[in-house]
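# Results of the structural survey
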Amino acid sequence: MKKHIYIYSPSGAVRDKAAFKRGVRYLQSLGHEVEIDTDALTSHMRFAGDDCTRLAAIHRAAASGADVALIARGGYGLTRILGGIRYKALAKAIEGGTSFVGISDFTALQMALLQRTGSVTWAGPALCEGFGVGGPTDTSGATDEHRVPDDIMEDCFNDMLLGQGEGSGWRQHREVNLSDTVRVNNATIWGGNLTMVASLLGTDYFPQIKGGILFLEDVGEHPYRIERLLTQLLHAGVLARQKAIVLGQFTEFKLTPHDKGFKLQTVIQWLRTQIKTPILTNLPYGHVATKILLPVGSKADLVTEGRDALLFWGHNPFH
């Protein structure tokens, strides 16, 4: 299964060059042809090149004819160049068979592309955090043998390459009401990083999706910040217009004594009192090793039974 994978950097500068090299080697070890964009390791302030450099990289990825256009890393930078992207060129590349894959800041490009063209992209890994894990973990140069690309993530990536990915199942957190059953049919999957989704609200790059399945994740954001972002989407009417809200992994935040019991579960419980839209939890996607890949812009079905949730964008065995 040899595929052509194009690595480019549309957002933050790659600081961990070792992770970049490990990721490239790992993809090559799987038998893939890996093409590295000429500016993949360029640095300008905190960005992977100035705005024009990163726009050119995006357009080279679209013109590459690759099976996959995979971002090197997330970070920040895409929102400031959304006005310069040639969306029709990206849509044409996608129609021609190129799958655009990424996470975090990449959400901005996914949302804009969905709004402008309706094209499907993939929420999944970046090169460094997904395939470049491992390496020295202390000053002695010892290697953590367990830090290898996650099996589930890799299997989902391979399914995407083969066109075999049809869905995913997971178990929600224990607080779910087991008597509540969710059945959603033919709804658009959309979303990604919560901060990036909320940052586009009110712009021409925010998808006007009604009756969708909105999935959200974030990293390094305290629960009160997560609540504030969700409240912005709530007051804008976005959440109530969806058929389901699916919360992924919210990681790398630190509670303080000042919180007095206020935590992420507090946010979820409060949000459930504000809207009738079902809110599912624990989707295996986010800034974590074990994550599925999700086709942003595709139609899907969602069903729950007890704590178990199943999301299908291919053949649904329950039909």
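For the structure itself, look to the data block above.
Summary of the structure given here. Computed from a predicted model, the values in this text were never measured in an experiment.

## Comments concerning helix α3 (residues 87-95)
Here α3 has its buried residues at Tyr 87, Leu 90, Ala 91, Ala 93 and Ile 94. Down the axis, α3 shows its buried residues gathered within 160° of arc, on one side only. Along α3, the residues that are exposed and aim more than 90 degrees away from the buried face are Lys 88, Lys 92 and Glu 95. Buried residues along α3 sit against α2 (51-63), β4 (99-102), α4 (106-117) and β5 (121-123). Of the residues one or two after α3, Gly 97 is the one with positive phi, at around 115°.

## Some points on the pairing of strand β6 (residues 167-171)
If a strand is regular, its side chains alternate between the two faces of the sheet. Burial along β6 is one-sided: Ser 168 and Trp 170 are buried, while Gly 167, Gly 169 and Arg 171, pointing the other way, are not. The pairing of β6 with strand β13 (residues 308-312) spans five bridges and is classified as antiparallel. The partner of Gly 169 across the bridge, within β13, is Leu 310.

## A few points about the pattern of salt bridges
The final tally for this structure, using the stated rule, is seven salt bridges. With a closest N to O distance of 2.5 Å, Arg 54 and Asp 51 form a salt bridge. One end of the pair is Arg 54 and the other is Asp 51, both in helix α2 and three residues apart, which spans about a single turn. A relative accessible area of 0% means that Arg 54 is categorised as buried. Linking Asp 51 and Arg 80 is a salt bridge whose minimum nitrogen-to-oxygen distance equals 3.0 Å. Of the two residues, Asp 51 sits in helix α2 while Arg 80 sits in the loop between β3 (68-71) and α3, which places them 29 residues apart along the sequence. A residue is classified by how much of its surface remains accessible, and Asp 51, at 23% relative accessible area, is partly exposed.

Conventions and cut-offs
Residues numbered from 1 in each chain as written. Predicted model: local features only at pLDDT ≥ 70, side-chain atom pairs only at ≥ 80, totals over all residues. Heavy atoms only, no water. Buried < 20%, exposed > 50% of the residue type's maximum accessible area, 1.4 Å probe, protein only. Helix = DSSP H or I, 4+ residues; strand = E, 2+ residues; numbered from the N terminus. Arc of directions from axis to C-beta. Contact = heavy atoms within 4.5 Å. Pairing = 2+ DSSP bridges. Salt bridge = Lys/Arg side-chain N within 4 Å of Asp/Glu carboxyl O.

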